[in-house]
Amino acid sequence: MSELAPYAVDDGNSRGRAFIEPRPKERSEFQRDRDRIVHSTAFRRLEYKTQVFVNHEGDLFRTRLTHSIEVAQIARSIARALHLNDDLAEAIALAHDLGHTPFGHAGQDALNECMQVHGGFEHNLQSLRIVDRLEERYGAFDGLNLMFETREGILKHCAPARARELGELGKRFLDDRRPSLEAQICNLADEIAYNNHDVDDGLRSGLLTLEQLEQLSLFARHAAAADEEFPHMPGRRRVHETIRRMIDAQVTDLLAESARRIAVAAPGTLADVHAAPPLIAFTDAMLTENRALKGFLRQHLYQHYQVLRMTTKARRIIHDLFGAFVDDPRLLPPQYQEMAATGSVVRATADYIAGMTDRYSVKEHRRLFSVGEL
Ligand code: MG
């Protein structure tokens, strides 16, 4: 690792783990966090969870797993270039979507509707719940016992009522303070990753067309640059040459603007970062282009009738499963019955459903609702 900036998070200025453990011998504390996340059950489940396209729709589309790996790659590059802790950035990125339900945002919205009168469901909070409580891997504690700053980075946003229940971790939302720069990086690396890979997946699926995309200045500009360097490139290569230029432009813009803001704010310590305004940011010009790209994807991809059909089906599956388990908790697997008996039936049900992969939830739906299925 290159020399860390004085305001980067490191083992020395970290607020540490809730359960005190001996320091790792050959790794840093944040490398250990990353390793724990990679070995978790929730991480493996990401392979079979939807990003935009349901897992069985094609083998080449992004899943939550490949999305998380792309976010980690982008976050690590940015962190390293700014002399920040790239191990922490990687750990946060790999964990940021652990709490996602099956079927992407449609699944999360449906589960949130089911949980509305019971405090709601939010995938961001669920990611934290997984690393703090639900993973069962260690004799000495529940969850993964991650470092404070890894957990802080996972909890991107939080309503005030919830923040009050979360003690030290929730405090920054009440005091209006910023998380580490490493956490701020992951937030924007997430955006860079999905905006660009959704263009790629959208084209691959045929739901988006090149003609539509050429109307976006960000895409058109980089497609023109690709054409100039490599005239007569066949279709797929041209798309990749364009998208890699878009990612590069966004990362370069983010690095320059963040370096500028850091120079102006001149933080001396991590505490200064918490008190400063957001220091990791795009320029206004890139922000405008990113908004246009997001709006475009919402209109042409996320609300495409073929995607909406999947979304509607997904909502039905989640509502049906939730209703069946809450009506009769004896239908839950024993482990979740136990959780229901010691906690609440609805929360145990939400934990069970949120942990399902796309295909598992479809199977479970069939087992509960179709006669002749075991
Ligand atoms: Mg994400």
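Residues numbered from 1 in each chain as written. Predicted model: local features only at pLDDT ≥ 70, side-chain atom pairs only at ≥ 80, totals over all residues. Heavy atoms only, no water.

Participant: Which parts of the structure should I look at to understand the coordination of the magnesium ion?
Facilitator: Ideal geometry at a metal centre: 109.5 degrees between donors when four sit tetrahedrally, and 90 or 180 degrees when six sit octahedrally. Note on the magnesium ion: its protein donors are H67 (NE2), H96 (NE2), D97 (OD) and D190 (OD). The metal-donor distances range over 2.1 to 2.6 Å. For the magnesium ion, all donor residues lie on one chain, and their spacing in sequence is H-x28-H-D-x92-D. Note that H67 is positioned in helix α3 (residues 64–81) and D97 in the loop between α4 (86–95) and α5 (104–114), a separation of 30 residues in sequence. When its relative accessible area of 3% is taken as the criterion, D97 is described as buried. (Donors = N, O, S within 2.8 Å, 3.2 Å for Na, K, Ca; no water. Helix = DSSP H or I, 4+ residues; strand = E, 2+ residues; numbered from the N terminus. Buried < 20%, exposed > 50% of the residue type's maximum accessible area, 1.4 Å probe, protein only.)

Participant: Hey, could you run me through the side chain of T101 in this one?
Facilitator: Within the fold, T101 resides in the loop between α4 and α5. Within the local environment of T101, its side chain forms a polar contact with the backbone oxygen of G104, the two atoms lying 3.4 Å apart. Separated by 3.0 Å, the side chain of T101 and the backbone nitrogen of Q108 make a polar contact. For T101, the contacting residues outside a window of four places in its chain are K49, G107, Q108, L111, F121 and A354. (Polar contact = N/O pair within 3.5 Å; in protein donor to acceptor, adjacent residues only side chain to side chain. Contact = heavy atoms within 4.5 Å.)

Participant: Honestly, the nonpolar core in this entry has me stumped. Any pointers?
Facilitator: The tendency in soluble globular proteins is for nonpolar side chains to be buried side by side. If you look at the biggest cluster of nonpolar residues, it comprises 78 residues, and the most contacted ones within it are I37, L84, L98, L181, I185 and V199. It is helix α10 (residues 181–205) that provides the largest number of residues to this core, a total of ten residues. A314, I317, I318 and M356 belong to the second-largest nonpolar core, a separate cluster that totals 22 residues. (Core = buried A, V, L, I, M, F, W, Y, C linked by side-chain atoms within 4.5 Å.)

Participant: Explanation requested: the pattern of salt bridges in the structure shown.
Facilitator: Side-chain pairs of opposite charge can arise whenever the charged atoms involved come near each other. Applying the stated rule across the entire model yields 37 salt bridges. In this structure, R129 and D351 form a salt bridge, with 2.6 Å as the shortest nitrogen-oxygen distance. One end of the pair, R129, is in helix α6 (residues 123–134); the other, D351, is in helix α18 (residues 345–355), with 222 residues separating them in the sequence. Per residue, the accessibility class of R129 equals that of D351, and both read buried. The partner of E289 in a salt bridge is R221, and the shortest N-O contact between them spans 2.7 Å. Here E289 is found in helix α15 (residues 284–302), whereas its partner R221 is found in helix α12 (residues 217–229), with 68 residues between them in sequence. Three or more residues are tied together by salt bridges with common partners; here these are R27, R34, D35, R76, D87 and E90. (Salt bridge = Lys/Arg side-chain N within 4 Å of Asp/Glu carboxyl O.)

Participant: Teacher, can you tell me more about helix α1 (residues 29–38) here?
Facilitator: In terms of residue burial, α1 counts as a mostly covered element, since eight of its ten residues are buried. Burial in α1 covers these residues: E29, F30, R32, D33, R34, D35, R36 and I37. In this structure, the buried side of α1 is in contact with α2 (41–45), α4 and α7 (148–154).

Participant: Could you clarify how one ought to interpret the packing of aromatic side chains in this entry?
Facilitator: How two aromatic rings sit relative to each other is set out by the distance from centre to centre and by the angle between their planes. Within this structure, the stated rule accounts for five aromatic pairs. Cation over ring: R36 sits above Y138, and NZ or CZ is 4.8 Å from the ring centre. Above the plane of the ring of Y360 lies R367, whose end atom (NZ or CZ) is 5.5 Å from the centre. (Phe/Tyr/Trp six-rings, centres within 6.5 Å; stacked < 30°, edge-to-face > 60°. Lys NZ or Arg CZ within 6 Å of the ring centre and 35° of its normal.)

Participant: When you look at the packing of helix α16 (residues 305–327) against helix α19 (residues 358–369) in this model, what are you seeing that I'm missing?
Facilitator: Helices that pack against each other are described as a pair by the angle of their axes relative to one another and the distance between those axes. α19 packs onto α16 with a crossing angle of 50° between their chain directions and a minimal axis gap of 10 Å. Here α16 lies oblique to α19, going by the angle between them. α19 is crossed by α16, and the crossing has left-handed handedness. Between α16, through I317, D320, L321, A324 and F325, and α19, the contact on the second element is made entirely by S361, V362, E364, H365, L368 and F369. The residue makeup of the contact of α16 with α19, split by class, is seven nonpolar, two polar and two charged. (Axes fitted to C-alpha atoms, helices over the stretch in contact; angles between N-to-C directions. Parallel < 35°, antiparallel > 145°, perpendicular 65-115°, else oblique. Left-handed = near helix turned anticlockwise from the far one by under 90°. Nonpolar A, V, L, I, M, F, W, Y, C, P; charged D, E, K, R; others polar.)

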